Amino acid sequence: MAIQRKAIALISGGLDSMLAVKAVQKQGIHVEGVNFYTGFCVEGHTHAIRKKDKDKQKRNNALWVAEQLGIRMNIVDISEEYKKIVLNPQHGYGANLNPCLDCKIFMVDKANTMLNKARGMAADKGFDFIITGEVIGQRPKSQRKDTMPLIARESGADDRLLRPLCAKLLPPTLPEREGWVNRDELYNFNGRNRKPQIALAKEFGLEDFAQPSGGCCFLTDESYSRKLADLWTARGRKDYELDDIMLLKVGRHIRPAQHYKVIISREEGENNFLMGYRKQFHSIKCVSHGGPLSLVDGAPTEADLLTAARIATRFSQGKNSPSVTVEIQDKNGVARQVDVTPMDANDIQQAWYV
């Protein structure tokens, strides 16, 4: 009786990992998925917060892919240990603060640990190899032909790491050599052209999938990376907490001075989200006019808080009024009302915008 081989697949929620699993499933391999939670990929979060995005998709694509493929999904929180990758990537950053190569090595290593742990159990429960949706030439930092063996080697997965979508362009792996999978039924995708993946999706009968590139990591975004770098500079150290990750993608971030920053909501949904942080920061709320809720991060003085209030009211319905009443509340909930003159748009220096 033939042994059914088992694989564990890294599932990002994008099209490539979905296709990679499907290609191996067609060969009779039992597949389970794993999605690693880093804190930087919270799909649908911004759409859920902002009312203007209420009609946009809010699903968790990794879980949705698992449902479509009929596989078990393991979600593993690695957010704390992932910090060392973000703060000190051994292979450097990509175009922004994305440590893509170190990230891939780290995640394959985690999957390899799961594989080895499972293989140490009863034979009928173990995994035999790892699947990823990588395609040579698709990403300039982590998906090059010269980095493919580096990822396999440094992660410890070695030739138990199979990339079904570009396998024919790489040396045969253990699953191919042992005949667990048929190399002839794998693919030779290369480069950033998405047409082969779209065509394969149609061939597999997949009509719905996440954006073709599948990326959801905030660290690949230039604006987000700039805010994170600014945070590190202002605090004088490279570090972050989960709340920092969330707040960096909400609202306008304006830094009038090195020691404090104003986070100004852009609409009602962000107002509601920032309300949850009023015990961690000074906050400013417009009272006499409709306007944003703002948080003040850092170590503001009394004069700084008044400046922050003048900036915040510039984005209120009272921006052209001679005076706007605001409520300034400290972290302990002690609040007071003051009248301020909204700052003129020309006085908010462009350099202050993070």
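Residues numbered from 1 in each chain as written. Predicted model: local features only at pLDDT ≥ 70, side-chain atom pairs only at ≥ 80, totals over all residues. Heavy atoms only, no water.

**Q** Even after reading the chapter, I still don't get the sheet that holds strand β6 (residues 252-257), so can you show me in this structure?
**A** Picture the strands of a sheet paired through backbone hydrogen bonds; they go either parallel or antiparallel. Taken in spatial order, the six strands make up an open sheet running β6-β7-β9-β8-β10-β11, and their pairing is antiparallel. Pairing within the sheet leaves two strands with one partner each, and these edge strands are β6 and β11 (335-340). With strand direction ignored, the average angle separating the axes of adjacent strands in the sheet is 25°. Sheet analysis places strand β10 (residues 324-329) next to β11, joined by six bridges and oriented antiparallel. By the bridge assignment for β11, Val 326 is matched with Val 338. Across the face of the sheet, helix α9 (residues 222-235) comes into contact with β6, β7 (260-264) and β9 (293-298) while running at roughly 30° to β6. (Pairing = 2+ DSSP bridges. Helix = DSSP H or I, 4+ residues; strand = E, 2+ residues; numbered from the N terminus. Axes fitted to C-alpha atoms, helices over the stretch in contact; angles between N-to-C directions. Contact = heavy atoms within 4.5 Å.)

**Q** Explanation requested: the sheet that holds strand β4 (residues 129-131) in the structure shown.
**A** One open sheet accounts for five strands, arranged β3-β2-β1-β4-β5; its pairing is parallel. Of all the strands in the sheet, just β3 (73-77) and β5 (161-162) have a single pairing partner and so form its edges. Bridge analysis of strand β1 (residues 6-10) against strand β2 (residues 30-37) gives five bridges, and the strand direction is parallel. Counted as the bridge partner of Lys 6 is His 30 from β2.

**Q** Any chance you could explain the pairing of β6 here in plain terms?
**A** Note on strand geometry: in a regular strand, side chains alternate between the two faces of the sheet. Inspection of the sheet shows β6 paired to β7 by four bridges, in the antiparallel sense. Within the sheet, the bridge partner assigned to Arg 252 lies in β7 and is Ile 264. Between β6 and β7, which pair antiparallel one after the other, the connecting turn spans two residues.

**Q** Any chance you could explain the packing of helix α1 (residues 15-25) against helix α3 (residues 61-69) here in plain terms?
**A** Each pair of packed helices can be described by the angle between their axes along with the distance between the axes. In the contact formed by α1 and α3, the axes pass within 11 Å of each other and the chain directions differ by 20°. When the interaxial angle is binned, α1 and α3 end up roughly parallel. As for how α1 packs across α3, the hand of that crossing is right-handed. Taking contact as the criterion, the partners of Met 18, Val 21, Lys 22 and Gln 25 in α1 are, on α3, Trp 64, Val 65, Gln 68 and Leu 69. Class assignment of the residues belonging to the contact of α1 with α3 gives a composition of five nonpolar, two polar and one charged. (Parallel < 35°, antiparallel > 145°, perpendicular 65-115°, else oblique. Left-handed = near helix turned anticlockwise from the far one by under 90°. Nonpolar A, V, L, I, M, F, W, Y, C, P; charged D, E, K, R; others polar.)

**Q** Please explain the packing of aromatic side chains as it appears in this structure.
**A** The description of an aromatic ring pair rests on the distance of the ring centres and on the angle between the ring planes. Applying the stated criterion across every chain, the model contains seven aromatic pairs. Where Phe 40 meets Tyr 224, the ring centres are 6.3 Å apart and the plane angle is 90°; that geometry is what we call edge-to-face. Of this pair, Phe 40 sits in the loop between β2 and α2 (45-49) while Tyr 224 sits in helix α9; the two residues are 184 residues apart in sequence, bridging distant segments of the chain. Note on Phe 129 and Trp 180: the rings are 6.2 Å apart at their centroids and 25° apart in plane angle, and the pair reads as stacked. Here the residue Phe 129 occupies a position in strand β4, and Trp 180 occupies one in the loop between α7 (174-177) and α8 (195-203), the gap between them amounting to 51 residues. Connected via pairs of aromatic rings, a cluster forms that spans Phe 40, Phe 218, Tyr 224 and Tyr 240. The ring of Tyr 240 has Lys 83 lying over it, and the distance from NZ or CZ to the ring centre is 5.4 Å. (Phe/Tyr/Trp six-rings, centres within 6.5 Å; stacked < 30°, edge-to-face > 60°. Lys NZ or Arg CZ within 6 Å of the ring centre and 35° of its normal.)

**Q** Help me out: how do you make sense of the pattern of salt bridges in this one?
**A** Proximity of charged atoms lets side chains of opposite charge pair with each other. Tallying each qualifying case throughout the model produces 17 salt bridges. A salt bridge links Asp 230 to Arg 255, with the nearest nitrogen and oxygen atoms 2.9 Å apart. One end of the pair, Asp 230, is in helix α9; the other, Arg 255, is in strand β6, and 25 residues separate them in sequence. The class of Arg 255 is buried, set by a relative accessible area of 10%. With a shortest N-O distance of 3.0 Å, Arg 235 and Asp 244 are connected by a salt bridge. When its relative accessible area of 30% is taken as the criterion, Arg 235 is described as partly exposed. For Asp 244, a relative accessible area of 10% corresponds to the buried category. (Salt bridge = Lys/Arg side-chain N within 4 Å of Asp/Glu carboxyl O. Buried < 20%, exposed > 50% of the residue type's maximum accessible area, 1.4 Å probe, protein only.)

**Q** Just checking my understanding: could you explain the environment of Asp 304 for this structure?
**A** Assignment of secondary structure puts Asp 304 in helix α12 (residues 302-313). The spacing of Asp 304 and His 259 is 45 residues in sequence and 9.6 Å in space, taken between C-alpha atoms.

**Q** Please explain the pairing of β2 as it appears in this structure.
**A** Burial of β2 is extensive: six of the eight residues sit out of reach of the surface. Tracing the backbone out of β1, into α1 and back to the parallel element β2 gives a crossover that is right-handed. Two strands pair when backbone bridges link them, and β2 and β3 are joined in this way by five bridges, in the parallel orientation. Directly across from Asn 35, in β3, lies its bridge partner Ile 75. (Right-handed = clockwise from strand over helix to strand, strands pointing away.)

**Q** Looking at this structure, I do not really get α9. What am I missing?
**A** Residues that lie three or four places apart on an α-helix share one face, since the helix turns once every 3.6 residues. In a regular helix each residue adds 1.5 Å, so 14 residues correspond to 20 Å; α9 covers 20 Å between its end C-alpha atoms and thus fits that length. What α9 keeps buried is the set Tyr 224, Ser 225, Lys 227, Leu 228, Asp 230, Leu 231 and Trp 232. On the buried face of α9, the contacting elements are α4 (83-87), α10 (242-247), β6, β7 and β9. Capping of α9 at its N-terminal end is provided by Asp 221; its side-chain oxygen lies 3.2 Å from the backbone amide nitrogen of Ser 223. Following α9 by one or two positions, Gly 236 adopts a phi angle in the positive range, close to 75°. (Expected span 1.5 Å × (residues − 1). Polar contact = N/O pair within 3.5 Å; in protein donor to acceptor, adjacent residues only side chain to side chain.)

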